[in-house]
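# Observations on the model geometry
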Amino acid sequence: MSDYRILDIDNVARIGLMYIDGDKLENILVEKLGHTDYVFENFNAVKSSVIKLEKINPDLNLIAVIWQRRIDNEDVVFPVVCGRALPVEGHGRRWINQHMREVFETGQKRVYDRGNGVVSYYYPIKNSDAEIVGVLELISGVIVPNDI
Amino acid sequence: MNIYLIKDYYRIECMTGDIVEKGYEKGFKKFDKRIDFTSAKNQFISFQVIVDSQGRKVNKISVEFSDLSGPSTIPGSEYKAYIEWYHNINGSYIPDMLVPLGETELEFRIPLSEKYLLNQRVGALWVDLFIDREVEPGQYNGTITVNADGEEKRFEIGVDVRNVTVPTKSRIIADLNNYADSISRYYPKVRANKNRYNDGSFFALESEHVKLAREHRSVFHNLGYKHSGTVVDSFAPEIEGEGKDIRIKSWERYDRHFGPYLDGSVFKGSRRGQYPIEFLYLPFNMGWPSSYEKWGSKGYKTENRRIISEFVRHFEEKGWTQTYLEFLLNHKKEYRFFPYTIDEIWYEHDEEGLEAYYDVIRGTFEDTRAKFIFRIDSSNHYGNHFNTKYSDWCKMWVVGTGMFCWFPESVPVMKEKGNILWIYGGGMLGEIGKPLHANFSVAITCFMTGVDGYCLWNTTHCGDNYLVTPHGNGSVTVYYPGVEFGYDGPLPSLRLKVIRNSNQTADLLKLTCGFDDEGPGLKRDAERLVNMHYGYKDMSSWWREKPPFVNEPPRYWDFGPNFRQYVVRPHYLDKSPAIIENLGRDVIKLLETGSIRDIAKGIELAF
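Note that this is a predicted model, so its numbers are computed, not measured.

Within chain B one finds 15 helices and 23 strands. Compactness check: chain B gives a C-alpha radius of gyration of 25 Å against a globular reference of 25 Å for 607 residues, within 12% of the reference. In terms of overall dimensions, chain B has C-alpha extents of about 75 × 55 × 50 Å along its principal axes. Looking at chain B residue by residue over its 607 residues, the buried ones come to 61%.

Rendered as structure tokens:
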């Protein structure tokens, strides 16, 4: 009954990523260059998967965030769907960090130890053409979730 | 040493002794011997005691108030004095935080602080005098004695109490809006207490804010959930189960938190009466009680409707039927938690989210004596929405002044539908240096445009450096923490006093409503009176013509500097702050005589 509680972060990510629809994520924004506005059906499907992912192993107390790159500047990223809290960096656009860049470019998982027990785990999210369309960040060790 | 009195609509800069309201000097008076007021009953009047030390240090300043004698007696105990604390606003030292005299560790001396205000020259007291509703009308006289290091000065005070009574309950709501928990951070003991939402310490602190608002004709409003949809501890009852099995597990903590507001017991001893709080946010949002994971499913609807029905039953059983209980969706898509912006709809298709949510809750709360209400905050699309099904569903509208001023025709529509209508605006309070009749004019605008209240935003937000320069030069700050002076509760700002005093006049004006279409035409006279004081020919000055782009989607509007031409010019500009006193006095006269004729002859224009 409680076996799921032994799943580590990589296994949580592996299961969760199976249910995040990359095609919907790819087309989650109404306009990729305008103000933030969502295709509701796509957002709701992705958000639902993100919430479920956070609950796969509640003992891990993970926060899940999905990032995308701006198509007009790949050095700029933004959280496009947040689970139960914001990323450490907040809700706005920002320069891509090296860890996330490597995930977008290599398709490999990266780990970013932020100190004070807070660790970000980055995983690629692919569409049905196996293209990377976003990065899943799982944040562990957060005591006070970032919210506004 | 120069000791004098001034009224409640100017302030004195403490380093120079100059008046703060530069450019608005007309109407400024110093009172050296005697000060006179006209007052209604059940009204506060306010003035300031100014001690200009002219460069000397003053170790101890005291003040004594005698009883006021007249047809009956107004006891000296009806006075309350506050030390004015000065903030550095762009290099000027302007009073705003008020520290109750004799109730904290702060003593009234010059300088108030050897470190921060070393070159302080002027000290001031803000003084409230309450005229009880039982006071017999007539002329009252008393004395005020100020002693500064042995130098004594005595003033006479006269109050002409008229046979008009300020309504105890507000007719125009001054809403002090906040987001939980924006209080604890300013109170080290409460902040350090991890059990504060259970052991009553947070409730005690929050209730001091609630009571302070009530005393100042305002309502403390605290939204209990975050943008993620997560409800702050104790702002919702504990729930358990899911789907058809979801239920309230315990009301115990929620009732301990809000019960005293809802039954009015928290207001015991208030001059404004022990009646329930007027408005309260509910915890419902797109992420509570049902997880957004279920959005669009039948289970989402089931869970919301089951919990709402438990709320309805609980509030009925408790008899909590006098407070408006608000469903408010504060969601904004830019925070990435939800795809809709329901708080001030921006994209037209966000209406889909509003409609879907209303479909979830409709039919659950309408047929009860408890006053559940679906509220919407609107600006950009107000013109498109005010006369649609949305104003049938949403019975409470909080509307941005920028767009509201284009739609005077919306007010009768809202009123006919029985809706509550408030206004808000980014600069509604404004920085501390803004003249005080700007705040007064907000309350008057409510009367002149026919709305029921105004919303000030984030009013506990003073920032960590509030003693020196509050956040944004005090552009949102209404409350200050008293902890620096050994007082573990909120202190009022001088501007909260102005809000209260302004709302007294606005509430008196509201008494004329109902006499506009038939009968003596008292409301029309009241509107004429206000227009005369503001120098306006007619009611059109309270509105603006619709801009040429009004039918374009708001996302294509140009909100740059050119946008200003399409909003109402601030009413306080070019007027004297003395309009607060002059108009206030004439409103009392209007209500007493029932006619504008005699007043119009002797009107004292303040511009």
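There's more to say after this.
Attention now goes to the interface of chain B and chain A. Residue-level contacts link 20 residues of chain B with 27 residues of chain A. Each partner contributes to the roughly 2000 Å² buried at the junction of chain B and chain A, and carbon and sulfur atoms together form 57% of this total. In terms of surface lost to chain A, no three residues of chain B exceed Glu293, Arg336 and Phe337 of chain B, which account for 41% of the buried area on that side. Joining chain B to chain A, the criterion identifies three salt bridges. Lys55 of chain A serves as the salt-bridge partner of Glu293 of chain B, at 2.5 Å between the closest nitrogen and oxygen. A per-class count over the side of chain B that touches chain A returns eight nonpolar, five polar and seven charged.

Residues and elements named next belong to chain B. By the burial criterion, the buried members of helix 3 (residues 252–262) are Tyr254, Asp255, His257, Phe258, Gly259, Tyr261 and Leu262. On the buried face of helix 3, the contacting elements are helix 2 (201–215), strand 16 (279–281), helix 4 (298–318) and strand 17 (324–328). A positive backbone phi angle near 85° is found at Gly264, which sits one or two residues after helix 3.

Residue and element names in this part refer to chain B. As summarised here, the arrangement of the five strands in space is 1-3-9-7-8, forming an open sheet in which the pairing is antiparallel. Every interior strand has two partners, whereas the edge strands, strand 1 (2–7) and strand 8 (92–100), have only one. Neighbour to neighbour, the strand axes of the sheet diverge by 30° on average, direction disregarded.

What follows covers the pattern of salt bridges. Side-chain pairs of opposite charge can arise where the charged atoms are in close proximity. Using the criterion set out here, one finds 55 salt bridges over all chains in the structure. Residue Glu105 of chain A is joined to Arg69 of chain A by a salt bridge in which the shortest nitrogen-to-oxygen separation is 3.6 Å. Remark: Arg69 of chain A occurs in strand 1 (residues 63–70) and Glu105 of chain A occurs in helix 4 (residues 98–106); sequence separation between them is 36 residues. Where Glu242 of chain B meets Lys294 of chain B, a salt bridge forms, and the shortest distance between an N and an O atom there is 3.1 Å. Residue Glu242 of chain B is found in the loop between strand 14 (238–240) and strand 15 (247–250), and its partner Lys294 of chain B is found in the loop between strand 16 and helix 4; the two are separated by 52 residues along the sequence. Note on Lys294 of chain B: relative accessible area 22%, which makes it partly exposed. Taken together, the shared-partner salt bridges connect Asp37 of chain A together with Lys333 and Asp350 of chain B into one network.

The next subject is the domain arrangement of chain B. Residues and elements named next belong to chain B. If you check the domain split of chain B, you get domain 1 (2–165) and domain 2 (522–601). For domain 1 and domain 2, the distance between their C-alpha centroids amounts to 30 Å. Taken together, the contact between domain 1 and domain 2 spans 15 residues of the former and 13 residues of the latter. Taken together, the two surfaces of domain 1 and domain 2 that pack against each other cover about 1100 Å², and 64% of this comes from carbon and sulfur. Interface area lost by domain 1 to domain 2 is led by Tyr9, Tyr24 and Val164, which between them contribute 52%.

The next subject is the side chain of Asn177 of chain B. Residues and elements named next belong to chain B. Along the chain, Asn177 turns up in strand 12 (residues 173–179). What makes Asn177 buried here is its relative accessible area of 2%. Within the structure, the side chain of Asn177 is placed 3.1 Å from the side chain of Tyr179, a separation counted as a polar contact. Among all residues touching Asn177, those that are not within four sequence positions of it are His221, Tyr281, Cys455, Leu456, Trp457, Asn458 and Thr459.

What follows deals with the side chain of Arg69 of chain A. Residues and elements named next belong to chain A. Residue Arg69 is classed as buried on the basis of its relative accessible area, which comes to 16%. Side-chain polar atoms of Arg69 contact the backbone oxygen of Glu74, separated by 2.9 Å. Dropping the residues within four chain positions of it, Arg69 is found in contact with Glu74, Val76, Val77, Phe78, Ile96, Arg101, Phe104 and Glu105.

Time to look at the pairing of strand 4 (residues 110–115) of chain A. All names here are of chain A. Summarising the sheet, strand 4 and strand 5 (residues 118–126) pair through five bridges and their orientation is antiparallel. Bridge pairing links Tyr112 to Ser120 in strand 5. Between the end of strand 4 and the start of strand 5, which pair antiparallel, lie two residues, with Asn116 showing a positive phi angle near 55°.

To continue, consider the pairing of strand 9 (residues 122–131) of chain B. Consecutive side chains along a regular strand alternate between the two faces of the sheet. Residues and elements named next belong to chain B. Extensive coverage of strand 9 is indicated by the burial of 10 of its 10 residues. Here 10 bridges tie strand 3 (residues 43–52) to strand 9, and the two strands are oriented antiparallel to one another. Looking at strand 9, one finds that Val49 is bridged to Leu125. Bridge count for strand 7 (residues 79–89) against strand 9 is five bridges, and the pairing is antiparallel. Each bridged residue has a counterpart across the sheet, and for Ile83 the counterpart in strand 9 is Leu125.

Residue and element names in this part refer to chain B. Of note, the amide linkage connecting Ile110 to Pro111 takes the cis form, showing an omega dihedral of 0°. One can find Pro111 in the loop between strand 8 and strand 9. For the peptide bond that leads from Trp288 to Pro289, omega is 5°, which places it in the cis range. Backbone geometry at Asn42 places phi at a positive 60°, although glycine is not the residue there. Note on placement: Asn42 falls in the loop between strand 2 (34–41) and strand 3. Classification of Asn42 by relative accessible area gives buried; the value is 7%. Positioned with a positive phi, Asn473 is a non-glycine residue whose angle comes to about 55°. Relative to the elements of secondary structure, Asn473 occurs in helix 11 (residues 471–474).

This part is about the sheet that holds strand 17 of chain B. All names here are of chain B. As summarised here, the arrangement of the eight strands in space is 13-12-21-20-19-18-17-16, forming an open sheet in which the pairing is parallel. Each having just a single partner strand, strand 13 (218–223) and strand 16 make up the two edges of the open sheet. Shown here is a sheet whose adjacent strand axes are inclined to one another by a mean of 30°, direction ignored. Here strand 17 runs beside strand 18 (residues 371–378); their pairing, made up of five bridges, is parallel.

Time to look at the nonpolar core. Residue and element names in this part refer to chain B. Judged by nonpolar contacts, the single largest core of 244 residues is most densely connected at Phe311 and Tyr454. Per-element accounting of this core gives the leading share, seven residues, to helix 10 (residues 436–449). In this structure, this core is formed jointly by two domains, domain 1 (2–165) and domain 2 (522–601), each of which donates at least three residues. Those residues in contact with Phe311 that lie beyond four places of it in its chain are Pro237, Ile248, Trp251, Tyr254, Leu282, Pro283, Phe284, Trp288 and Phe372. Core analysis: the next-biggest nonpolar cluster, separate from the first, contains six residues, Leu98, Trp126, Leu436 and Val498 among them.

Before going further, it helps to spend a moment on the packing of helix 10 of chain B against helix 14 (residues 579–593) of chain B. All names here are of chain B. Contact geometry for helix 10 and helix 14: axes closest at 10 Å, N-to-C directions at 35°. Where helix 10 abuts helix 14, its residues Leu436, His437, Phe440 and Ile444 lie against Ile579, Ile580 and Leu583. The residue makeup of the contact of helix 10 with helix 14, split by class, is six nonpolar, one polar and no charged.

Rules and cut-offs
Residues numbered from 1 in each chain as written. Chains lettered and ligands numbered in written order. Predicted model: local features only at pLDDT ≥ 70, side-chain atom pairs only at ≥ 80, totals over all residues. Heavy atoms only, no water. Helix = DSSP H or I, 4+ residues; strand = E, 2+ residues; numbered from the N terminus. Rg over C-alpha atoms; globule rule 2.2 N^0.38 Å. Buried < 20%, exposed > 50% of the residue type's maximum accessible area, 1.4 Å probe, protein only. Contact = heavy atoms within 4.5 Å. Buried area = accessible area lost by both parts, 1.4 Å probe. Salt bridge = Lys/Arg side-chain N within 4 Å of Asp/Glu carboxyl O. Nonpolar A, V, L, I, M, F, W, Y, C, P; charged D, E, K, R; others polar. Pairing = 2+ DSSP bridges. Axes fitted to C-alpha atoms, helices over the stretch in contact; angles between N-to-C directions. Domains from an automatic or database assignment. Polar contact = N/O pair within 3.5 Å; in protein donor to acceptor, adjacent residues only side chain to side chain. Core = buried A, V, L, I, M, F, W, Y, C linked by side-chain atoms within 4.5 Å.

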